[in-house]
Amino acid sequence: MFSEATKKRFDEMVGRYPEGRSALIPILHEVQAEAGHLSPEAVEWVAAYLGLSRADVMSVASFYDMLELEPVGRHMIYVCQNLTCALLGAERLIRHLEQRLGIRMGETTPDGLISLKRMECLASCGTAPAIQVDGIYYERMTPEKLDDLLLKLRTGSLPDPRTLDTPA
Amino acid sequence: MPTLKIDGVEVTVPAGTNIIEAAKRVGIEVPHYCYHPGLSVVGQCRMCQVDVEKTPKLAIACNTPVAEGMVVSTNSPKVEKARRAVLEFYLLNHPLDCPICDRGGECPLQDYTMKYGPGESRSVEEKVHRVKHRVLGPHVVFDAERCILCTRCVRFCQEVPKTGELGVFSRGERSEISLFPGCDLNNAYSGNVIDLCPVGALTSREYRFQARPWDLVRHTESVCPLCSNGCNVTLDVRHRQQGEQLLRIRPRENQAVNRWWICDEGRFGSLNLADPGRLHQPTWRAGAAPATMEHADVLLRTARALRQVTEAFGPEAVGCIASSRLTNEELFLVVRFFREILGTPHVDFRVRPIQFPDADASEDGLLRRTDKTANSRGARDLGVVPGPGGQDVAGMLEAAAQGRLKALFVLEEDLVSAFPDRPVATALGRLDLLVVSSLFPSATTAAAHAVLPALGFAEKEGSFTNFQGRIQKLHPALTPPVASRSLAEALAEIGFDLGRDLGAVDPEQVWARIGERAGPYRGIAWKDIGPEGLVPEGQSGN
Amino acid sequence: MVFEKVLTAYQEIPNYRGGMDDYLAAGGYQALPKALKEMQPAALVDEVKKSGLRGRGGAGFPTGMKWGFIPKGSPRPTYLVCNSDESEPGTFKDRMLIEEDPHQLVEGIVISSYAIGCHQAFIYCRGEFVHGARVLQRAIGEAYARGYLGANILGSGFSLELTVHRGAGAYICGEETGLLESLEGKRGQPRPKPPFPAVSGLYRSPTVVNNVETLCNVPHIVTRGAAWFAGIGPAKSAGPRLFSVSGHVNRPGNYELPMSVTLRELILEHGGGIPGGRRLKAVIPGGSSAPVLTGQHLDISMDFESLAAAGSMGGSGGVVVMDETTCMVRVGEIVARFYHHESCGQCTQCREGTAWLHKTLRRIEHGQGRKEDLDLLLDMCDNMKGKTICVLSDAAAMPIESYLKYFREEFELHIRERACPFAGQDAP
């Protein structure tokens, strides 16, 4: 299911640890990065590779917020809903995103471009409200900056966080 | 060995014993769910909290080893409040399924709630709804709403059969036990999770909705008959208007034999005793077709035919192939009847290669063994083998084919099926007298002159000796069908008709005679065999 | 108060990017040779004990004492794990340290590993720190290249392998043993204790788990001495502390200060006060697990003891400021929602209690509260404290108790009025 080069990378990851099972989550990250999400086939492959039962790997994968067991969009937008971000307008951002994209948090746009996910504290409280898009922080967000971000996402690029336009 | 006090009662246990086990020794039950002595300790249900003097926080009894001078309370006000709270938390989302849940009446959640829990709910929140009656495998049904996430089932599959089909998916309140998509729970020991589950989340497909615990009139201790391991069982019998029914077989704890477990075949495979296909009436076939008769009539004709054979051809024209499914007592009487009273050397039980010493082996590294009869060891120990000049099983069949053997008793073996490559039916057809004892009709019973309906293991009082040499008792859970006779009684009656006395046939008196003889069972009395069996001194325990 | 920065001294250096050259130019990697060549491991442990350094992740456990728990002569290897799982709401200091000055952490890890006899260390970095993990990886590569990691470091005979390990999104992996479970490739479910990690930790071997900020202090203790460190701030809460200030303040950010700083100074002086001149209503002093404080507590100094005496805790140092426009019931709901989401689910009281707490608070916030709900909440909280494998259950309960303690009338108002008086306030 995976190329020889990928398998070699996994072997190397396993080799870093005194006990190979430790490589499970790093491997799941890699698989997800490559395939978009963790399909049952992928979970099965990883289980066989590490000598674990499939239920065991599924049990681990389903524990963590960042691991997706269902297909998600090309871009994943995490919106922090925790204390400081909530105090400073996170719910407004969420309503804005849902309205602009026509989906609810936890869903994916029909064209498969964007998924929205409520997350807990992203350790960006000093620059709240904060979001992450594909692992990149976009901080001090406003609905206007969101609009600019969405625009740029549609053109296929992940904008530099410093360049999000805010109308005067 | 540390000595400690639990609820004022002093107890001394080996170092390393946890408080739950120590308390058990003095008859104190510490309520618990996730702990099980046969599984790893996880300490997550929080039910077994106890108060340990000089420790500010409550300790979990399952993961706290005893210490010298420890003073433990299992019912201080602090413990009571904490325990009530745990039960309240469990009941927040637990569905009010008791009326339709198999566990009702034998449920630790019900029982502990009655004893220690809140009487009323304080929650006004909607209960979390999850999947109900989901078939997990051939024997087990799952109800996720009832599940209390003790994870015993998950740990069992990981640690005992090591098949790991179950897992806890997601986390927190969203946690749910499940299977990998497309998988099912079908390891050979899957039924054990039904016993392990403290609530009705895992139930038996075979047993579902069949009875309430108080309908079960009998819980009889016995031994599984399906292989040489001899797993200890408890047979649950339900009373019905149309007669009793063996509804459920559960493993009985025996650390030396089966620990706490039983395989699915043993748990579910012997429930067919009520099968309408079972033989219920003895028959006698003079010509082409068998005729149903009273036992006494069939046995009388058998005795007559037997006398004719011995008078015409001598005792050496008689043989007996006795199954190692028979109890020790039955086998002793077989040897007594054929070798000693009739005087024929042709007696054997070894129909299959697996029944020879050292051939039987573990099938799966757990409980299942390759010899699928329960008492080969007993048969060997009691000398159910040819005497001087006697024929073994193959020899007897050959002799029958050649007309040298005129009468053959086949006890609880289907010889025709056991030797598919040999012309057994033809050989049997040459006999002047073929007497077959069997539970079900077969190609062998079809060839017989006398067919005697046998008793099932759940109808017998007796013993098996497992592969380790452990003698273990069976007790009858069911009354045999009206028309049945035990094999012992049948042989005694045939003997009587021949003018011979087989002696008393009840197990206690049979053992009095077994114990008199030289051999591995010398000196043993029936009363010496306790609920966990007996390994005679000098016998290998393994 | 103007405090001479220690951990964030690099911020005063123009164009500081945190790479090896920058770090060396700023005087970095001088503590390491000093430790390796001039100090025995036991002496190092002693020095850290004398410094009074306490864990900066949330528990505040004395670091030297923790190191001292590693048994001598164990046949199993000793591990050091850096806890970079920073997920306590209101806290963002570790992120800054690893993104902006990774070598300070690396150096701290090497010295600490030497002190406890560890030859393989891990940095458990929360999965969301994608950039942070990359920065760390790059720094580690640089350190290997310069011989500060790997075999026979600086010819001392001491060897250390260091690996960055990414988590995947679970607050409970910030709990020591939850972290170890996750690092072993399992669900991040905390372990019953005893045994403690010092005896049986990673792969059942002796292990020390230390927070990022804690480890960053170690090179400074080595170069400038335990006495210097102990002299910063109050005696029992010595050393510089990074406070993450956020919420209704003009200048949110991380502030490095001694713990003698008062809450008032922190919020008004350093944090720039509350925007719009509004009044302070409530402040959480140590991450969302810390019970809330109010205006009456402004003159408390931010050390562990004083905060505990005031009924709260130093915790992670995450200071969240809330002004008069804040609905405390809504705050309760958000905080309860967090613990509901993050409970690992093992212990009955936490799995069910965090959910019940959240649902009840949500109901009250949405105008469906009942009079009996408030005492019910308090009893729920009492039943959730002190009886579980880890303290997430306590962390969920204690804040709610404190909101009820200081703002009970607000809860009662919600119930009486069947509505949130702050309605329209950014509700979902």
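Here the structure is a predicted model, which is why all the values come from computation and not from measurement.

Enquirer: Would you mind showing me how to read the overall build of chain A here?
Expert: Scanning chain A from N- to C-terminus turns up 7 helices and 4 strands. Reading the helices (α) and strands (β) of chain A from amino to carboxyl end gives α-α-α-α-β-α-α-β-β-β-α. For chain A, the spread of C-alpha atoms along the principal axes amounts to about 55 × 30 × 25 Å. Counting the 168 residues in chain A, one finds 47% classified as buried.

Enquirer: I'm lost on the overall build of chain C in this one. Help?
Expert: From N to C terminus, chain C includes 16 helices and 8 strands. Against the globule reference of 22 Å for 428 residues, chain C gives a C-alpha radius of gyration of 22 Å, in line with a compact fold. For chain C, the C-alpha atoms occupy an extent of roughly 75 × 45 × 35 Å along the three principal directions. Going through the 428 residues of chain C one by one, you find that 62% of them count as buried.

Enquirer: Can you help me understand the environment of B:G533 in this one?
Expert: Residues and elements named next belong to chain B. As for its placement among the helices and strands, G533 is situated in the segment after α15 (507–514). Each C-alpha atom of the pair G533 and N466 lies 9.7 Å from the other, and the pair is 67 residues apart in sequence. In this view, G533 contacts R470, I471 and Q472; residues no more than four positions away in its chain are not counted.

Enquirer: Teacher, can you tell me more about the interface of chain A and chain C here?
Expert: Many analyses report the size of an interface as the accessible area lost when the parts associate. Taken residue by residue, the interface counts 36 residues in chain A and 45 residues in chain C. Sorting the residues of the side of chain A that touches chain C by element identifies α2 (24–35), α4 (54–61), α5 (83–87) and α6 (90–101) of chain A as the ones contributing at least two each. Broken down by class, the residue content of the side of chain A that touches chain C amounts to 19 nonpolar, 10 polar and 7 charged.

Enquirer: How do you make sense of the interface of chain A and chain B when you look at a structure like this?
Expert: Chain A puts 9 residues into the contact, and the matching count from chain B is 13 residues. Considering every element that reaches the side of chain A that touches chain B, the biggest residue donor is α4(A), with 5 residues. Residues of the side of chain A that touches chain B, tallied by class, amount to 4 nonpolar, 3 polar and 2 charged.

Enquirer: Looking at this model, I keep getting lost on the sheet that holds strand β8 (residues 318–323) of chain C. Mind explaining?
Expert: Consider a sheet: its strands pair through backbone hydrogen bonds, and that pairing is either parallel or antiparallel. Residues and elements named next belong to chain C. Pairing in this open sheet of 4 strands is mixed, and the strands run β6-β5-β8-β7 from one edge to the other. One side of each edge strand has no neighbouring strand; the edge strands of this open sheet are β6 (253–258) and β7 (280–284). Shown here is a sheet whose adjacent strand axes are inclined to one another by a mean of 30°, direction ignored. Alignment of strand β5 (residues 240–247) against β8, held across 4 bridges, turns out to be parallel. Paired with S246 across the strands is V320, a residue of β8. Contacting β5, β6, β7 and β8, helix α11 (residues 263–270) runs over the sheet at an angle of about 60° to β5.

Enquirer: Can you help me understand unusual backbone geometry in this one?
Expert: For residues other than glycine, phi is negative in most cases, and the peptide bonds are mostly trans. In the segment running from C:K193 into C:P194, the intervening peptide bond is cis, with an omega of 5°. For C:P194, the position within the fold is in the loop between α8 (176–183) and β4 (207–211). Note the cis peptide between C:P194 and C:P195, where omega equals 5°. Summarising the element assignment, C:P195 is placed in the loop between α8 and β4. Despite not being glycine, B:L149 has its phi angle at roughly 55°, a positive value. Positionally, B:L149 belongs in the loop between β7 (140–142) and α4 (152–159). Of note, B:S170 is a non-glycine position whose phi angle comes to about 65°, a positive value. Tracing the sequence through the fold places B:S170 in the loop between β8 (166–169) and β9 (176–179). With 16 C-beta atoms packed within 10 Å, B:S170 lands in the partly exposed category.

Enquirer: Would you mind going over the pairing of strand β21 (residues 462–465) of chain B with me for this structure?
Expert: If a strand is regular, its side chains alternate between the two faces of the sheet. Residues and elements named next belong to chain B. Here β21 shows two buried faces, one formed by G462 and F464 and the other by S463 and T465. By the bridge criterion, 4 bridges tie β21 to strand β22 (residues 471–474) in an arrangement that is antiparallel. Its bridge partner being in β22, G462 is matched across the sheet by L474. In sequence, β21 turns back onto β22 through a hairpin of 5 residues, with G469 there showing a positive phi of about 90°.

Enquirer: In this structure, what is going on with the sheet that holds strand β13 (residues 243–251) of chain B? I would like to understand it.
Expert: All names here are of chain B. Taken in spatial order, the 3 strands line up as β11-β12-β13 in an open sheet, and their pairing is antiparallel. Of all the strands in the sheet, the pair left with one neighbour each is β11 (216–223) and β13. If you compare each strand with its neighbour and ignore which way they point, the axes differ by 25° on average. Relative to strand β12 (residues 232–240), β11 is paired through 7 bridges, and the arrangement is antiparallel. When the sheet's bridge partners are listed, H219 is paired in β12 with D236.

Enquirer: Would you mind showing me how to read the packing of helix α5 (residues 93–100) of chain C against helix α7 (residues 130–145) of chain C here?
Expert: All names here are of chain C. In contact at an axis separation of 8 Å, α5 and α7 are set at 40° when each is read in the N-to-C sense. Considering the angle they form, α5 stands oblique to α7. You can see that α5 and α7 cross each other, and the crossing is left-handed. In this structure, α5 uses R95, I98 and E99 to contact α7, whose residues at the interface are H131, G132, V135 and L136. Of the residues assigned to the contact of α5 with α7, the class counts are 3 nonpolar, 2 polar and 2 charged.

Enquirer: Please clarify how the domain arrangement of chain A should be interpreted in this entry.
Expert: Once the domains are mapped, chain A shows domain 1 (4–61) and domain 2 (75–159). Put simply, the middle of domain 1 of chain A and the middle of domain 2 of chain A, counted by C-alpha atoms, are 29 Å apart.

Enquirer: Looking at this model, I keep getting lost on the nonpolar core. Mind explaining?
Expert: Soluble globular proteins tend to pack their nonpolar side chains together in the buried interior. Among the nonpolar cores identified, the biggest contains 272 residues, and A:V79, B:C153, C:V81, C:V110, C:V283 and C:V321 are the most heavily contacted of them. Sort the elements by how many residues they give to this core and helix α16 (residues 392–417) of chain C lands first, with 11 residues. Core analysis: the next-biggest nonpolar cluster, separate from the first, contains 67 residues, B:V298, B:L306, B:F337 and B:A488 among them.

Enquirer: Is there a simple way to explain the packing of helix α6 (residues 102–116) of chain C against helix α9 (residues 212–224) of chain C in this structure?
Expert: All names here are of chain C. Closest axis-to-axis distance for the α6/α9 pair is 7 Å, and the angle between their directions is 75°. As summarised for this structure, α6 and α9 are arranged roughly perpendicular, according to the angle between their axes. Seen from α6, the contacting residues are Q104, L105, E107, G108, I109, I111 and S112; seen from α9, they are V212, L215, C216, V218, P219 and V222. Partitioning the contact of α6 with α9 into residue classes produces 9 nonpolar, 3 polar and 1 charged.

Enquirer: Sorry, what's going on with α11(C) here?
Expert: Residues separated by three or four positions in an α-helix point in the same direction, a consequence of the helix having 3.6 residues per turn. Residue and element names in this part refer to chain C. Of all the residues in α11, the buried ones are L263, L266, I267 and H270. Each buried residue of α11 sits inside an arc of 120° when the element is viewed along its axis, so together they form one side. Buried residues along α11 sit against β5, β6, β7 and β8. Positive phi appears at G272, one or two residues downstream of α11, with a value of about 80°.

Enquirer: What exactly am I supposed to notice about the domain arrangement of chain C here?
Expert: Residue and element names in this part refer to chain C. Parsing chain C into structural domains produces domain 1 (9–230), domain 2 (235–323) and domain 3 (328–417). Each of domain 1 and domain 3 has a C-alpha centre, and these two points are 35 Å apart. If you look at the interface, domain 1 gives 10 residues, while domain 3 gives 7 residues. When the residues that make up the side of domain 1 that touches domain 3 are grouped by side-chain class, the tally is 6 nonpolar, 3 polar and 1 charged.

Enquirer: Hey, could you run me through the pairing of β7(C) in this one?
Expert: All names here are of chain C. Of all the 5 residues making up β7, 5 are buried; the element is thus mostly covered by neighbouring parts of the structure. For β7 and β8, the ladder comprises 4 bridges, and the chain directions are antiparallel. Pairing of A282 across the sheet is with M322, part of β8.

Enquirer: Help me understand α4(A) in this model?
Expert: Burial of α4(A) is extensive: 8 of the 8 residues sit out of reach of the surface. Listing the buried residues of α4(A) in full gives A:R54, A:A55, A:D56, A:V57, A:M58, A:S59, A:V60 and A:A61. Looking at the buried residues of α4(A), the elements they touch are α2 and α3 (40–50) of chain A together with β8 and β9 of chain B.

Enquirer: Quick question: what am I supposed to make of the confidence of the model for chain C here?
Expert: In regions of low pLDDT, the predicted coordinates are not meant to be interpreted in detail. Confidence along chain C averages 97 in pLDDT terms, with 99% of residues attaining 70 or more. Here the predicted complex scores 0.95 on pTM and 0.96 on ipTM.

Conventions we followed
- Residues numbered from 1 in each chain as written.
- Chains lettered and ligands numbered in written order.
- Predicted model: local features only at pLDDT ≥ 70, side-chain atom pairs only at ≥ 80, totals over all residues.
- Helix = DSSP H or I, 4+ residues; strand = E, 2+ residues; numbered from the N terminus.
- Buried ≥ 20, exposed ≤ 12 C-beta atoms within 10 Å, placed from the backbone.
- Rg over C-alpha atoms; globule rule 2.2 N^0.38 Å.
- Contact = placed C-beta atoms within 7 Å.
- Nonpolar A, V, L, I, M, F, W, Y, C, P; charged D, E, K, R; others polar.
- Pairing = 2+ DSSP bridges.
- Axes fitted to C-alpha atoms, helices over the stretch in contact; angles between N-to-C directions.
- Parallel < 35°, antiparallel > 145°, perpendicular 65-115°, else oblique.
- Left-handed = near helix turned anticlockwise from the far one by under 90°.
- Domains from an automatic or database assignment.
- Core = buried A, V, L, I, M, F, W, Y, C linked by C-beta atoms within 7 Å.
- Arc of directions from axis to C-beta.
- pLDDT = per-residue confidence, 0-100.

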